[in-house]
Amino acid sequence: MNRYYTKNVAQRHANNKKQKMINPPSVLIPESEIQQRVRELGAQLSVDYTGEELVLLGVLRGAVVFYADLARAIALPLRFEFLQLASYYDDMEPAQVQLIRGGSDYLQDRHILIVEDIVDTGHTLNFLIEHLLLFNPKTVKVCTLLDKPSRREVSVNVDYFGFEIPNAFVVGYGLDYAQKYRNLPYIGVLEPAD
């Protein structure tokens, strides 16, 4: 399953050392717009899953802020599950997708809603859906805060999304660069300094 990206780890670390200083992120989506959209998504999910047992499956760590706000916006009893994948390794370009930890017998015969921070190339989401299908769920759907279809390399279905964004490297509201910027209350664009 790790056939999507083959990037030499030593080369990745060498590239990181060459990176220039990063400018502070410029605001792409303000906090108020994010909060409004999360409430709208929560209301829609509450209607769509009325009478069903829903498992929110959070993808650590980037989706944790969105996950927490979304869960509070859904007016249904929920089951919380998490898993962790890795693909960026402190770089601005994705590498090989790896499952760090995750999965549960509780996923069998359940409605699973994957809660993601961002869908860009589609490789990570495709990897995750293939993994989840091994648990024989009733349904697997996807809710992502950000959708970046201009970067799509693998066809994946995004059932719910907060915002469609351009091809830019974004941080904030859980998204990071080298484990920094996750705590920003907005989505910002990060660019190398000149």
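Here the structure is shown first, and the text comes after it.
Reading the values: the criteria
- Residues numbered from 1 in each chain as written.
- Predicted model: local features only at pLDDT ≥ 70, side-chain atom pairs only at ≥ 80, totals over all residues.
- Heavy atoms only, no water.
- Helix = DSSP H or I, 4+ residues; strand = E, 2+ residues; numbered from the N terminus.
- Buried < 20%, exposed > 50% of the residue type's maximum accessible area, 1.4 Å probe, protein only.
- Contact = heavy atoms within 4.5 Å.
- Salt bridge = Lys/Arg side-chain N within 4 Å of Asp/Glu carboxyl O.
- Phe/Tyr/Trp six-rings, centres within 6.5 Å; stacked < 30°, edge-to-face > 60°.
- Lys, Arg positive; Asp, Glu negative; His and termini not counted.
- Pairing = 2+ DSSP bridges.
- Core = buried A, V, L, I, M, F, W, Y, C linked by side-chain atoms within 4.5 Å.

## Considering the overall build of the chain
Phase 1 of the analysis: Secondary structure assignment for the chain yields four helices and nine strands.
Phase 2 of the analysis: When the helices and strands of the chain are placed in sequence order, the string is α-β-α-β-α-β-β-β-α-β-β-β-β.
Phase 3 of the analysis: Out of the 194 residues in the chain, the part that is buried amounts to 49%.
Phase 4 of the analysis: In the chain, the proportion of contacts linking residues at least 24 apart, taken out of those at least 6 apart, comes to 70%.

## A closer look at the environment of L78
Phase 1 of the analysis: Assignment of secondary structure puts L78 in strand 3 (residues 78–86).
Phase 2 of the analysis: In this view, L78 contacts L54, L56 and A71; residues no more than four positions away in its chain are not counted.

## Quick look at the pattern of salt bridges
Phase 1 of the analysis: Scanning all chains against the criterion turns up six salt bridges.
Phase 2 of the analysis: The partner of E40 in a salt bridge is R37, and the shortest N-O contact between them spans 3.2 Å. Taken together, the residues span about one helical turn, with E40 and R37 both in helix 2 (residues 31–48) at a distance of three residues.
Phase 3 of the analysis: Given a relative accessible area of 24%, R37 falls into the partly exposed group.

## Brief notes about the packing of aromatic side chains
Any two aromatic rings considered together are summarised by their centre-to-centre distance and by the angle between their planes.
Phase 1 of the analysis: Counted by the stated rule, this structure contains four aromatic pairs.
Phase 2 of the analysis: Geometrically, the ring pair formed by F80 and F82 is edge-to-face, given 6.5 Å between the ring centres and 85° between the ring planes.
Phase 3 of the analysis: Between F169 and Y177 the ring centres are 5.9 Å apart and the planes differ by 90°, which places this aromatic pair in the edge-to-face class. In terms of burial, F169 and Y177 fall into one category: buried.

## Let's talk about the side chain of D117
Phase 1 of the analysis: Looking at where D117 falls in the secondary structure, it is placed in strand 5 (residues 111–119).
Phase 2 of the analysis: Of the buried charged residues, D117 lacks a salt bridge, with R182 as the closest side chain of opposite charge at 5.6 Å.
Phase 3 of the analysis: In this structure D117 touches G62, A63, T144, L145, L146 and L175, once residues within four positions along its chain are discounted.

## Remarks on the sheet that holds strand 9 (residues 187–189)
Phase 1 of the analysis: Strands sit in the order 1-9-8 across an open sheet of three strands; the sheet is antiparallel. Each edge of the open sheet carries a strand with a single partner, namely strand 1 (26–29) and strand 8 (170–171).
Phase 2 of the analysis: Inspection of the sheet shows strand 1 paired to strand 9 by three bridges, in the antiparallel sense. Among the inter-strand pairings, S26 is bridged to a residue of strand 9, identified as V189.

## Some words on the nonpolar core
Phase 1 of the analysis: Grouped together as the largest cluster of nonpolar side chains are 29 residues, with contacts concentrated most on F66, L70, L146 and I187.
Phase 2 of the analysis: Going through the elements one at a time, helix 2, strand 2 (54–60), helix 3 (64–73), strand 5, strand 6 (139–147), strand 7 (160–164) and strand 9 are the ones with two or more residues in this core.
Phase 3 of the analysis: Once residues within four sequence positions are removed from consideration, I187 is found in contact with S26, V27, L28, I29, I34, L145, L146, V170, V171, G172, Y173 and L175.
Phase 4 of the analysis: If you look at the next biggest cluster of nonpolar residues, it comprises 17 residues, including V59, L83, L125 and F135.

## Quick word on the pairing of strand 2
Phase 1 of the analysis: Within strand 2, six of the seven residues are buried, leaving the element largely enclosed by the surrounding structure.
Phase 2 of the analysis: The sheet contact formed by strand 2 and strand 5 spans five bridges and is parallel. By the bridge assignment for strand 5, L54 is matched with H111.

## Looking at unusual backbone geometry
Phase 1 of the analysis: For the bond running from L60 to R61, omega is 0°, close enough to zero to count as cis.
Phase 2 of the analysis: Summarising the element assignment, R61 is placed in the loop between strand 2 and helix 3.
Phase 3 of the analysis: The backbone of Y173 sits at a positive phi, close to 50°, despite the residue not being glycine.
Phase 4 of the analysis: Structurally, Y173 can be placed in the loop between strand 8 and strand 9.
Phase 5 of the analysis: If you check the backbone angles, Q179 has positive phi at about 65° while not being a glycine.
Phase 6 of the analysis: Its place among the elements puts Q179 in the loop between strand 8 and strand 9.

Distances and angles like these do not, on their own, reveal function.
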